[in-house]
Each structure stands twice: as C-alpha cells, then as structure tokens.
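# An overview of the molecular structure
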Amino acid sequence: MIIGLLRVRLHIVGANSLKDKRSVLKKTIHRLRTSYNCAVSEVDDHDVWRSAILAIVTVYRQRDQVESLFNQIRSDLGSAADFELIHCETEML
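Overview of the structure. Everything numeric here is computed off the predicted structure, so don't read it as measured data. (Residues numbered from 1 in each chain as written. Predicted model: local features only at pLDDT ≥ 70, side-chain atom pairs only at ≥ 80, totals over all residues. Heavy atoms only, no water.)

### Overview of the overall build of the protein chain
Assigned secondary structure in the protein chain consists of two helices and four strands. Starting at the N terminus and walking to the C terminus, you meet the elements of the protein chain as β-α-β-β-α-β. Principal-axis analysis of the C-alpha atoms gives the protein chain an extent of 40 × 20 × 20 Å. A total of 93 residues make up the protein chain; the buried ones form 37% of that total. (Helix = DSSP H or I, 4+ residues; strand = E, 2+ residues; numbered from the N terminus. Buried < 20%, exposed > 50% of the residue type's maximum accessible area, 1.4 Å probe, protein only.)

### Concerning the nonpolar core
Grouped together as the largest cluster of nonpolar side chains are 24 residues, with contacts concentrated most on Ile56 and Ile73. Broken down by secondary-structure element, the contributors of at least two residues to this core are β1 (2-11), α1 (18-36), β3 (51-60) and α2 (63-78). The residues touching Ile56, leaving out its near neighbours within four places in the chain, are Gly4, Leu5, Leu6, Val8, Leu32, Cys38, Ala39, Val40, Phe70, Ile73 and Leu77. (Core = buried A, V, L, I, M, F, W, Y, C linked by side-chain atoms within 4.5 Å. Contact = heavy atoms within 4.5 Å.)

### Overview of the pattern of salt bridges
As enumerated under the stated definition, the model contains six salt bridges in all. For Glu42, the salt bridge is made with Arg22, and the minimal N-O distance between the two is 3.0 Å. Of the two residues, Glu42 sits in strand β2 (residues 39-44) while Arg22 sits in helix α1, which places them 20 residues apart along the sequence. Glu42 gets classed as buried once you look at its relative accessible area, which sits at 16%. Exposure remark for Arg22: the relative accessible area of 34% places this residue in the partly exposed category. Across the salt bridge formed by Asp76 and Arg31, the nearest N and O atoms sit 2.5 Å from each other. (Salt bridge = Lys/Arg side-chain N within 4 Å of Asp/Glu carboxyl O.)

### Some points on the pairing of β1
Burial along β1 is one-sided: Ile2, Gly4, Leu6, Val8 and Leu10 are buried, and none of Ile3, Leu5, Arg7, Arg9 and His11, which face the opposite way, are. Examined bridge by bridge, β1 and strand β4 (residues 84-92) share eight bridges and lie antiparallel to one another. Of the residues in β4, the one forming a bridge with Leu10 is Leu85. (Pairing = 2+ DSSP bridges.)

### A few points about the side chain of Glu42
Among the polar contacts listed, one links the side chain of Glu42 to the side chain of Lys21, at a separation of 2.9 Å. Polar side-chain contacts of Glu42 include one of 3.0 Å to the side chain of Arg22. Setting aside anything within four residues of it in sequence, one finds Glu42 in contact with Lys21, Arg22, Leu25, Ile29, Ala52, Ile53 and Leu54. (Polar contact = N/O pair within 3.5 Å; in protein donor to acceptor, adjacent residues only side chain to side chain.)

### Regarding α1
In a regular helix each residue adds 1.5 Å, so 19 residues correspond to 27 Å; α1 covers 26 Å between its end C-alpha atoms and thus fits that length. Burial in α1 covers these residues: Lys21, Val24, Leu25, Thr28, Ile29, Leu32 and Tyr36. Seen from one end, α1 has its buried residues packed into an arc of 125°, which puts them on one side. Among the exposed residues of α1, those oriented more than 90 degrees off its buried face are Lys19, Lys26, His30 and Thr34. The elements touched by buried residues of α1 are β1, β2, β3 and α2. Asn37, located one to two residues past α1, shows a positive phi value of around 50°. (Expected span 1.5 Å × (residues − 1). Arc of directions from axis to C-beta.)

See below:
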C-alpha cells in the first residue's frame, strides 16, 4: 500500500480579500475531492489573500497509480483560470 502526498502552492490572482480566496479554494477543494477521490486540505498561508498551500493525499496499492493520479491533478490545477500553480512537491510513504 502506498500513501501519496502532493503539496501545491497556488497564487490566487483575483483575490482581494480572504473571502475571495475562500470562495476559490472552496470550489477547488470540492472539485478535487469529488473528481479524484482524495483528501484535500489547506495547510498553510491561511491569512494570505493571494496564496494557498494545499495538501492532497491518496492511498493506492501501487506507486504508479499514485503518480498517475497526481499527474492528472497537476494538469487539472495547471489549467485552472482562478489561480496559477506555482510549485508542487510529492512524497510517497
């Protein structure tokens, strides 16, 4: 069993308040959870309007399944209109 962790840093372009940021994150987190069946949480930069760090976690039998899912998620986040994907880092346990 492989536990995969993907940490992503997002730059939320149009956020002018924490309310704007939360709106973007709420729909992004919901979309990731429902589309990819993974756990998602904001883990840092809570009070920074235009920045967010998300942790995305999943469990699969094989490493290549986790890597495939994370590649799909990176592609999805990279093509989003509400924010820019700044950085990704992956860990496997």
